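Okay, here's what each chain looks like letter by letter:
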Amino acid sequence: MATDGSLVLDKDFADIRVRLDAEARTFWCHLVPQGRPCVSPGVLRDLTEMQADVARWLAQAGEKRPFDYFVVASGIPGIFNMGGDLKLFAEAVRKEQRVLLQHYAHRCIDVVYNNLVSYGAPVVTIALVQGDALGGGFETALSCNLIAAERGTKFGLPEVLFNLFPGMGAYSLIARRIGAVQAERMILSGRIYTAEELHELGLVDMLLTPGQGDEELRQYIAGQGRRHNAMQAVFRARHIAAPVTLKELRDIVDVWVDAAMRLSPADLRKMERLAAAQERRTSRDRGIGIAAE
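Since the model is a prediction, treat every value here as computed from it, not as a measurement. (Residues numbered from 1 in each chain as written. Predicted model: local features only at pLDDT ≥ 70, side-chain atom pairs only at ≥ 80, totals over all residues. Heavy atoms only, no water.)

Undergrad: Would you take a moment to explain the overall build of the protein chain for this structure?
TA: Of the regular secondary structure elements, the protein chain holds 12 helices and 10 strands. Over its C-alpha atoms the protein chain spans a radius of gyration of 18 Å, differing by no more than 12% from the 19 Å that the globule rule assigns to 293 residues. Each of the three principal axes of the protein chain carries a C-alpha extent, and together these read 55 × 45 × 40 Å. Of all intrachain contacts in the protein chain linking residues separated by at least 6 positions in sequence, the fraction that spans at least 24 positions is 73%. Here the protein chain has roughly 13000 Å² of accessible surface; of this, 53% comes from carbon and sulfur atoms. (Helix = DSSP H or I, 4+ residues; strand = E, 2+ residues; numbered from the N terminus. Rg over C-alpha atoms; globule rule 2.2 N^0.38 Å. Contact = heavy atoms within 4.5 Å. Areas by Shrake-Rupley, 256 points an atom, 1.4 Å probe, with all protein chains shown as cover.)

This is the structure we're talking about:
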């Protein structure tokens, strides 16, 4: 088994891009979904494979680990990720494909949990948010130890608009950070928040200058120097003091599956309209050259 990272770094993923900045001791993972920038089966496939490779790499490297920071970002300017695959959800509910929906949801939870526990290594996980983070995209950011967001970026949990709730970690992760009451308010309101608002609430850790997030995050990492050991220890302590277990996440996602299977035809039509709106926005952005190809 290779221990030099070639297992993951040499792979040609379709929906993510990975690279190691050895000098900065930072592993970068950019989301570049084909089609709509959602958590598609393709994105899940690539993330699952990448995370397994990274976990093996770190475990085998031991104290000689190749990086101290893991950053998840987006390769599509203006969009971090727009959430779950709503078309897949609607079709699965209509066809009563509960097992398919549950399999998708459990794979999402595994991705969230790997970020949350830093791959079982003294690594700090960071979400760099430079565009909209909605639904599952917001949950992806929440799963990281730190959220660094450019000012003006938008976050939201819109699932209540089609009579559902965000089941892939939002309740647990928000409740641990700012309390269950605030988590329920955010989930049931469907409201869109700015990075500045979430910074005031304590969910966004760092505010960055629009268009300069990459460079400012690199400067931040470079400025930590010897403090990395203290940082990763604090985040491990956070997880011990307010643990979010894999069982808890899976139990909640099973509640989400139950709720999804009870959606009415009217609810599903609303879900599909939202998916269509996302697709129109993506097509527009790609058409004028905003999105990274």
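Undergrad: Explanation requested: the packing of helix H2 (residues 41-61) against helix H4 (residues 98-116) in the structure shown.
TA: Two packed helices can be described by the angle between their axes and the distance between those axes. Running from N to C, H2 and H4 cross one another at 40°; their axes reach a closest spacing of 10 Å. The angle between H2 and H4 places the two elements in the oblique class. Where H2 crosses over H4, the handedness of that crossing is left-handed. Only Tyr104, Arg107, Cys108, Asp110, Val111, Asn114 and Asn115 of H4 make contact with H2, whose side of the interface consists of Leu44, Arg45, Leu47, Thr48 and Gln51. (Axes fitted to C-alpha atoms, helices over the stretch in contact; angles between N-to-C directions. Parallel < 35°, antiparallel > 145°, perpendicular 65-115°, else oblique. Left-handed = near helix turned anticlockwise from the far one by under 90°.)

Undergrad: What am I meant to see in unusual backbone geometry here?
TA: Excluding glycine, most residues fall at negative phi; most peptide bonds, likewise, are trans. Not every positive phi belongs to a glycine, and glutamate 96 is a case in point at roughly 55°. With respect to the helices and strands, glutamate 96 occurs in the loop between helix H3 (86-94) and H4. Classification of glutamate 96 as exposed rests on a relative accessible area of 67%. (Buried < 20%, exposed > 50% of the residue type's maximum accessible area, 1.4 Å probe, protein only.)

Undergrad: I keep staring at the environment of leucine 134 and nothing clicks. Help me out?
TA: Relative to the assigned elements, leucine 134 resides in strand E6 (residues 131-134). We classify leucine 134 as buried; its relative accessible area is 14%. In this structure, the C-alpha to C-alpha distance between leucine 134 and glutamate 23, residues 111 residues apart in sequence, is 33 Å. Among all residues touching leucine 134, those that are not within four sequence positions of it are Asn81, Met82, Gly83, Phe155, Gly156, Pro158 and Ile192.

Undergrad: Any chance you could explain the nonpolar core here in plain terms?
TA: Residues Phe27, Met50, Phe70, Val129, Phe155 and Trp256 are the most contacted members of the largest nonpolar core, which totals 74 residues. In terms of residue count, H4 provides more of this core than any other element does, eight residues in total. For phenylalanine 70, the contacting residues outside a window of four places in its chain are Phe27, Cys29, Met50, Asn115, Tyr119, Val123, Val124, Thr125 and Ile126. Grouped together as the second largest cluster of nonpolar side chains are 15 residues, Val71, Ile126, Leu217 and Met231 included. (Core = buried A, V, L, I, M, F, W, Y, C linked by side-chain atoms within 4.5 Å.)

Undergrad: What is the right way to look at the side chain of glutamine 224 in this model?
TA: Inspection of the secondary structure assignment puts glutamine 224 in helix H9 (residues 213-224). Judged by relative accessible area, glutamine 224 falls into the buried class, the value being 8%. Not counting the four nearest positions on each side in its chain, glutamine 224 is found in contact with Tyr69 and Met231.

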